[in-house]
Amino acid sequence: MKTDILCFGAHSDDVELGMGGTLAKYTKLGKTAVICDLTEAELSSNGTPENRKMEAERAAKCLGVSERINLNMGDRNLFITPENIAKVAAVIRRFQPRLIFAPYHIDRHPDHGRVSELVFEAVFSAGIRKYVDQDNQEPHKPAAVYEYMINSFHRPDFCIDISDSFDRKIEALKCYQSQFERSSDGVITPLTEGYLEAIEGRERAFGRDAGVLFAEAFKTKKPLILDADLFGVSK
């Protein structure tokens, strides 16, 4: 199965926080997208894995994602091991993405940084012809791997204009009621204390710097090549 975009996150809602607007933008343009959550977020202060799964499915539909899977690797267990690399490499080979996205490696939550490390390791392994993953699939190399920001605010290497898809990003995030709304029996966390408003402020700030209303920011380890797109990158 070939897909245009494959996004990895430690927990469901990571991808939506970092690049929900970008996904909504490109799926509307006809691109296919898949989200792979590595854990069931079983250690989250609020909500349950069962409820989180339903929230994640609703959010994926809001963004036009064609498939969402969960590797159930265990919260706080995302270490660089041959087994974990093989699981992620198998997903890459299964969906054969043109582009891969992972969390930016600098983040206050250690799991987010570890996902980035795991993905880059798995991308390398997935492209090796003699490397055998858990499903014994054919090798695959994506055109590029980019990192999105979850909690962090860093100077981006490039931005995506999400002015027309920002509302869908917020709609998807509001599917996670267990995380962003304080319940009577819940725990106060940074997510329940105006986090969505902070995300809006961040995307406005990135947009302001880029000359648009809202933008999402990305990092890349390789320089971007602008060819036919050179005259379309600025307004």
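Fair warning: this is a prediction, and the values are worked out from it, not measured in the lab.

Q: What should I look at first to understand the packing of helix α1 (residues 14-28) against helix α5 (residues 166-173) in this one?
A: The angle between the axes and the distance between the axes are what describe a pair of packed helices. Between α1 and α5, whose axes approach to 8 Å, the crossing angle comes to 125 degrees. Taken as axis vectors, α1 and α5 run oblique relative to one another. The chirality of how α1 crosses α5 is right-handed. Taking contact as the criterion, the partners of Glu-16, Leu-17, Gly-18, Met-19, Gly-20, Gly-21, Ala-24, Thr-27 and Lys-28 in α1 are, on α5, Arg-168, Lys-169, Ala-172 and Leu-173. In the contact of α1 with α5, the residues fall into five nonpolar, four polar and four charged.

Q: When you look at the packing of aromatic side chains in this model, what are you seeing that I'm missing?
A: For any pair of aromatic rings, the description consists of the separation of the ring centres together with the inter-plane angle of the planes. Applying the stated criterion across every chain, the model contains six aromatic pairs. When the ring of Phe-153 is compared with that of Phe-206, the centres are 4.6 Å apart and the planes differ by 20 degrees; the resulting orientation is stacked. Highlighted residues: Phe-153 in the loop between β5 (144-148) and β6 (158-161) and Phe-206 in helix α7 (residues 195-210), separated in sequence by 53 residues. The aromatic ring of Phe-120 is capped on one face by Lys-221, whose charged end is 3.8 Å from the ring centroid.

Q: What am I meant to see in the side chain of Asp-133 here?
A: Here Asp-133 lies in the loop between α4 (110-126) and β5. Within the structure, Asp-133 has its side chain in polar contact with the backbone nitrogen of Asp-135 (distance 2.5 Å). Among the polar contacts made by the side chain of Asp-133, one reaches the main-chain amide nitrogen of Asn-136 at a distance of 2.9 Å. The residues touching Asp-133, leaving out its near neighbours within four places in the chain, are Ala-86, Ala-90 and Arg-93.

Q: Help me understand helix α2 (residues 49-63), please; the structure alone is not making it clear to me.
A: With 15 residues, α2 extends 21 Å between its outermost C-alpha atoms, agreeing within 8% with the 21 Å of an ideal straight helix rising 1.5 Å per residue. Along α2, the residues that are buried comprise Arg-52, Glu-55, Ala-56, Ala-59, Ala-60, Cys-62 and Leu-63. Within α2, the buried residues cover an arc of 150 degrees as seen down the axis, which keeps them to one side. Exposed residues lying more than 90 degrees from the buried face of α2 are Glu-50, Lys-53 and Lys-61. Looking one or two residues past α2, Gly-64 carries a phi angle of roughly 75 degrees, positive in sign.

Q: How should I be thinking about the pairing of β5 in this particular structure?
A: On a regular strand, one side chain projects to one face of the sheet and the next to the other, so that they alternate. Most of β5 sits out of view: five of its five residues are buried. Burial along β5 is two-sided: the residues Ala-144, Tyr-146 and Tyr-148 and Val-145 and Glu-147 are all buried. Both strand β4 (residues 99-103) and β5 contribute to a ladder of five bridges, which runs parallel. Bridged to Leu-99 within β5 is Ala-144. With three bridges joining them, β5 and strand β7 (residues 215-220) adopt antiparallel strand pairing. For Glu-147, the partnering residue across the bridge sits in β7 and is Lys-219.

Q: It is not clear to me how the sheet that holds β7 should be interpreted in this structure. Could you clarify?
A: Strand pairing within a sheet occurs via backbone hydrogen bonds; the two strands may be parallel or antiparallel. Judged by pairing direction, the sheet is mixed, and its seven strands sit side by side in the order β3-β2-β1-β4-β5-β7-β6 without closing on themselves. Edge positions in the open sheet fall to β3 (67-70) and β6, since each of these has one partner strand only. Sheet twist, expressed as the average angle between the axes of neighbouring strands with direction ignored, equals 25 degrees. Here strand β1 (residues 5-9) runs beside strand β2 (residues 33-37); their pairing, made up of five bridges, is parallel. Bridge assignment links Cys-7 to a residue of β2, and that residue is Ile-35. Along the sheet, α1 makes contact with β1, β2, β3, β4, β5, β6 and β7, crossing β1 at roughly 170 degrees. Those strands touched by α7 are β6 and β7, and its axis lies near 75 degrees from that of β7.

Cut-offs used in this document
- Residues numbered from 1 in each chain as written.
- Predicted model: local features only at pLDDT ≥ 70, side-chain atom pairs only at ≥ 80, totals over all residues.
- Heavy atoms only, no water.
- Axes fitted to C-alpha atoms, helices over the stretch in contact; angles between N-to-C directions.
- Helix = DSSP H or I, 4+ residues; strand = E, 2+ residues; numbered from the N terminus.
- Parallel < 35°, antiparallel > 145°, perpendicular 65-115°, else oblique.
- Left-handed = near helix turned anticlockwise from the far one by under 90°.
- Contact = heavy atoms within 4.5 Å.
- Nonpolar A, V, L, I, M, F, W, Y, C, P; charged D, E, K, R; others polar.
- Phe/Tyr/Trp six-rings, centres within 6.5 Å; stacked < 30°, edge-to-face > 60°.
- Lys NZ or Arg CZ within 6 Å of the ring centre and 35° of its normal.
- Polar contact = N/O pair within 3.5 Å; in protein donor to acceptor, adjacent residues only side chain to side chain.
- Expected span 1.5 Å × (residues − 1).
- Buried < 20%, exposed > 50% of the residue type's maximum accessible area, 1.4 Å probe, protein only.
- Arc of directions from axis to C-beta.
- Pairing = 2+ DSSP bridges.

Purely spatial values, then, with no claim about function.
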